[in-house]
Amino acid sequence: MTKKNLSLVSPVIMLMLMTYLSFIDRFAFNFIPGNDQHYELLALSSLLLIGYVLSTSTNLLALSGRIIFCSLMLTVCCLDSSNEYLNTVSTLLVLSILICGASIGPLLLTFFYGNLLFLLIQSSLSFYQYLQGDPMTGSFTNTGVLANYLSTAIPTLFFVFGLAHSAKKKILPFLGLVLFSMVLFIVVKNQSRTALMSLALTAAVAFFSFVRNRYKNPGRRMAAKFKVIYCLAAALCFFAVVVYSSSIKQTSAAGRVLLNRIAIRHIGDHLWLGTGLGKFTWYYPQWQSDYFLHFPGDPLRLSAGESYIIFNEYLQLLETLGLRGMILFLGILGWFFTTRSLQLHQELSAIKLTCLAILTCGTTFYPFHVNAILFSFFLCIGLAFSLDERKAYHEIMAWFNRLLQKINPKLTVTALITSLLGFVFCIPGILRRQSAVAAWHHSKEINRAYTVQKSDYERLYPILKHDGKFLSDYGIFLLEDSLETLKAVQLLSAANEQFISRETVMALGNAYWKQKDLNKAIYCFDWMKNYIPYTFEPKFNLMKLYLESGCYSKARQMADSIINTPPKIPSDKVNYIKQETAKLIAL
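Residues numbered from 1 in each chain as written. Predicted model: local features only at pLDDT ≥ 70, side-chain atom pairs only at ≥ 80, totals over all residues. Heavy atoms only, no water.

Counted by the stated rule, this structure contains 33 aromatic pairs. Ring plane angle 75 degrees and centroid distance 5.3 Å describe the contact between Phe-311 and Tyr-366, whose orientation is recorded as edge-to-face. Of this pair, Phe-311 sits in the loop between α11 (280-294) and α12 (313-337) while Tyr-366 sits in the loop between α13 (345-361) and α14 (371-387), and the two are 55 residues apart along the sequence. With a relative accessible area of 10%, Tyr-366 lands in the buried category. Ring geometry for Phe-336 against Phe-337: centres 4.8 Å apart, planes inclined by 75 degrees, an arrangement best described as edge-to-face. For Phe-336, a relative accessible area of 0% gives the class buried. Here the aromatic cluster, defined as three or more aromatic residues joined through ring pairs, consists of Trp-440, Tyr-450, Tyr-457, Tyr-461, Phe-470, Tyr-474 and Phe-477. (Phe/Tyr/Trp six-rings, centres within 6.5 Å; stacked < 30°, edge-to-face > 60°. Helix = DSSP H or I, 4+ residues; strand = E, 2+ residues; numbered from the N terminus. Buried < 20%, exposed > 50% of the residue type's maximum accessible area, 1.4 Å probe, protein only.)

In structure tokens, the structure reads:
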């Protein structure tokens, strides 16, 4: 494959990935059962890396740094393929690196007009949902995610609007204003504080840049007056947005304050190295359960939910990557915002504005867990480095290659071959696991007899025995058979070491209960009671376990808590639990 053909293929791959990440593999979480598309993404990126190596076989040594890095990243993913977030971040980073290695012209066109196309598609789909009386979620099944996605795509609209204005095409700016109005309506209607602040900030920066470029040579006094007036007006508007934002969804805001408060208490636990990518969602539920164990009377306890992320990407990144990773992240951002290009200044400015919108959303949302936004972020970084007239990225890679050659001329070849062989060796395993996951989900969708489905789980277990979601699902399935309680306990305990969820812990507690291991069952339900304080089912189970084990004073305390605690959301189930509690405690 020639370089010209590679430059034509890369934009097509970029557009296909935008579609896939917007409609199929939309989120990168480690706690949602059934969300296992990262196996497909890992298999796809592996095949694309092989294609990239074959297409550049005549120039491998010059590209050795890039190829070695991508091979090592994908090898790590193959070895820890059950870690959904690690796999998604790594594969999207690798794909962005490979894509941004092509000619910059077609990539820029695809990036801007592809984003504009999906902005139009999501807005149109949202208005269709609105007319049908449904929540405006687009393809993301969540109103907040849609609003934040649209806000991060707005800089593309400003860029196309600017080109149309420069070319004096009146119809395009008009259409741009209509589309911006649609996005603003969706954001306000969905009551997304974060998206609204992101829109306000990006619109202010874009307007300032537009006026500054249009009046390049004003008198100094006029320019100074304009800047002062503009800054005051922008500050006033932003203050109004913040005041309005603070008045909506106040319960949600209180919940985010609680999440951050709990996470801050544990910054020192893994200060230098961090928890590791994908591990935060395992640690945080334990932190929250421990917090309410020691502070049961916290007034924000009713705002606590089944939480695994904290709606603050920078605090979560510090917890995940540690101090060293955070320093590297901030260094890359600093490098990114200092890139410059005289020839493609407008394009680079729009890319930086897109990144600014994403970073703004990261203050009180989770854009790095929405795959379409995360991919856009990586593309922004890659495109900016490709546009940078200083070519610092290319100089660093060239320096790395020269260093390897200086140490030992054969070292580059050895490192390249070793990394590629290790990566290729892992590919059959990831393809086998991807096929097993597909078979697992297919087996669940078909209404089969218990024995047939059990044989499917047994057949897939050797391949997926390190996947916490599979182990949890397998263990919960076996609880249907009283003869398999011991095996269910073993599977759910193993799952809980990798994958913590409300369903898994509750199932493990019930399995211990069936096994008459009352102390361990009490531990599970007590953990759940502290994790989500307003839930009644763990408390109800605890009360029955205390009665069964003869701890009547503790049973009375739990009964009083059930009867006297007002429900966060009234329901028939809560009423039933309260009535049954009163009956049992009266016996």
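Having seen the model, we can carry on.
When you line up the elements, Arg-433 lands in helix α16 (residues 409-445). The buried charged residue Arg-433 lacks any salt bridge partner; its closest oppositely charged side chain belongs to Asp-467, at an N-O distance of 7.9 Å. A polar contact of 2.7 Å, which involves the side chain of Arg-433, links it to the backbone oxygen of Cys-78. Each residue touching Arg-433, except ones within four places of it in the same chain, is listed here: Tyr-39, Cys-78, Ser-81, Ile-463 and Leu-464. (Lys, Arg positive; Asp, Glu negative; His and termini not counted. Salt bridge = Lys/Arg side-chain N within 4 Å of Asp/Glu carboxyl O. Polar contact = N/O pair within 3.5 Å; in protein donor to acceptor, adjacent residues only side chain to side chain. Contact = heavy atoms within 4.5 Å.)

This part covers the packing of helix α5 (residues 104-131) against α13. Contact geometry of α5 with α13 gives a least axis separation of 12 Å together with a crossing angle of 45 degrees. When the axes of α5 and α13 are compared, the pair comes out oblique. Crossing of α5 against α13: the hand is left-handed. Between α5 and α13, the residues in contact are Leu-108, Phe-111 and Phe-112 and Glu-347, Ala-350, Ile-351 and Thr-354, respectively. (Axes fitted to C-alpha atoms, helices over the stretch in contact; angles between N-to-C directions. Parallel < 35°, antiparallel > 145°, perpendicular 65-115°, else oblique. Left-handed = near helix turned anticlockwise from the far one by under 90°.)

There is a patch of nonpolar side chains on the surface, built from Leu-271, Trp-272, Leu-273, Leu-323 and Ile-327 and spanning about 500 Å² of accessible area. You can see Leu-271 is positioned in the loop between α10 (250-264) and α11. (Patch = residues over 30% accessible without salt bridge, like charges linked within 9 Å, V, L, I, M, F, W, Y side chains within 5 Å. Areas by Shrake-Rupley, 256 points an atom, 1.4 Å probe, with all protein chains shown as cover.)

Atom-level detail of predicted coordinates should not be read off regions where pLDDT is low. Across the protein, the average pLDDT comes to 85, with 86% of residues at or above 70. Here helix α9 (residues 220-246) stands out as the element of the protein with the lowest mean pLDDT, 57, in contrast to helix α21 (residues 518-531), whose mean of 95 is the highest. Predicted confidence for residues 218-222 stays below pLDDT 50, and this span has 1 contact to residues more than four positions away or in other chains. (pLDDT = per-residue confidence, 0-100.)

Counting residues in hydrophobic clusters, the biggest one holds 145 residues, and the most contacted among them are Phe-111, Ile-351, Phe-368, Phe-375 and Phe-377. Ranked by the residues each element gives to this core, the list is headed by α14, at 13 residues. Excluding its chain neighbours within four sequence positions, the residues that come into contact with Ile-351 are Leu-108, Phe-111, Phe-112, Phe-336, Cys-380, Leu-383, Ala-384 and Leu-387. Core analysis: the next-biggest nonpolar cluster, separate from the first, contains 14 residues, Leu-258, Tyr-284, Trp-287 and Ala-304 among them. (Core = buried A, V, L, I, M, F, W, Y, C linked by side-chain atoms within 4.5 Å.)

A word on the environment of Lys-469. By the element assignment, Lys-469 lies in helix α18 (residues 468-478). It is 9.3 Å that separates the C-alpha atoms of Lys-469 and Asn-496, two residues lying 27 residues apart in sequence.

Before going further, it helps to spend a moment on the packing of helix α20 (residues 502-514) against helix α22 (residues 537-549). It is at 12 Å that the axes of α20 and α22 come closest, and there the two elements cross at 15 degrees. Classified by the angle their axes make, α20 and α22 are roughly parallel. Judged by the twist between their axes, the crossing of α20 over α22 is left-handed. Contact with α20, carried on its side by Met-506, Asn-510 and Trp-513, involves Glu-537, Pro-538, Asn-541, Lys-544, Leu-545 and Glu-548 of α22 and no other residues of that element. When grouped by side-chain class, the residues that make up the contact of α20 with α22 number 4 nonpolar, 2 polar and 3 charged. (Nonpolar A, V, L, I, M, F, W, Y, C, P; charged D, E, K, R; others polar.)

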